[in-house]
Amino acid sequence: MNDNFQIEFEDNGHKGRYVVRGTEGVEAEMTFTRSGDSRIIIDHTGVPDAFRGQGIGAKLVTRAVEDARAAGKTILPLCPFAAAQFRRHPEWADVLAK
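A brief structural summary. (Residues numbered from 1 in each chain as written. Predicted model: local features only at pLDDT ≥ 70, side-chain atom pairs only at ≥ 80, totals over all residues. Heavy atoms only, no water.)

1. Remarks on the pattern of salt bridges
Side-chain pairs of opposite charge can arise where the charged atoms are in close proximity.
Okay, step 1: Counted by the stated rule, this structure contains 10 salt bridges.
Okay, step 2: Salt-bridge contacts for Glu 8 lead to Arg 21; the nearest nitrogen and oxygen are separated by 2.6 Å. Of this pair, Glu 8 sits in strand β1 (residues 8-12) while Arg 21 sits in strand β2 (residues 15-21); the two residues are 13 residues apart in sequence, bridging distant segments of the chain.
Okay, step 3: By relative accessible area, which is 32% here, Glu 8 ends up partly exposed.
Okay, step 4: Here Glu 29 ties to Arg 17 by a salt bridge, and the two come within 2.6 Å at their closest N and O atoms. Taken together, the residues span a long stretch of sequence, with Glu 29 in strand β3 (residues 27-35) and Arg 17 in strand β2 at a distance of 12 residues. (Salt bridge = Lys/Arg side-chain N within 4 Å of Asp/Glu carboxyl O. Helix = DSSP H or I, 4+ residues; strand = E, 2+ residues; numbered from the N terminus. Buried < 20%, exposed > 50% of the residue type's maximum accessible area, 1.4 Å probe, protein only.)

Next comes the structure, spelled out in structure tokens:
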């Protein structure tokens, strides 16, 4: 897995995203919406073909989990990819919105 990429966090108030930028404007992203002060809803993960097979989608969700844990927030993974990642990582149960 390539770890030579930078995950950037973009905060647009009510919404935000984690993004990895590649060459020629290619972006992998995971978007979220805030629900109150203590919950975020992951609503989309998109990884273009240029990034496939590098584990970037999983890294984006992992970063959101780390940030939520540090901030005392919970995550509601509505995005099917993010939901699948939560099923694969039972150790994330502390940030999974009930």
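More follows now that the structure is in view.
2. As for the pairing of strand β5 (residues 74-77)
Okay, step 1: Only one face of β5 is buried, namely the one carrying Ile 75 and Pro 77, since none of Thr 74 and Leu 76 on the opposite face is buried.
Okay, step 2: Pairing between strand β4 (residues 39-46) and β5: 4 bridges, direction parallel. Paired with Arg 39 across the two strands is Thr 74, which belongs to β5.
Okay, step 3: In this fold, the crossover linking β4 to β5 by way of helix α1 (residues 56-71) has right-handed handedness. (Pairing = 2+ DSSP bridges. Right-handed = clockwise from strand over helix to strand, strands pointing away.)

Bear in mind that shape data such as this cannot, by itself, settle questions of function.
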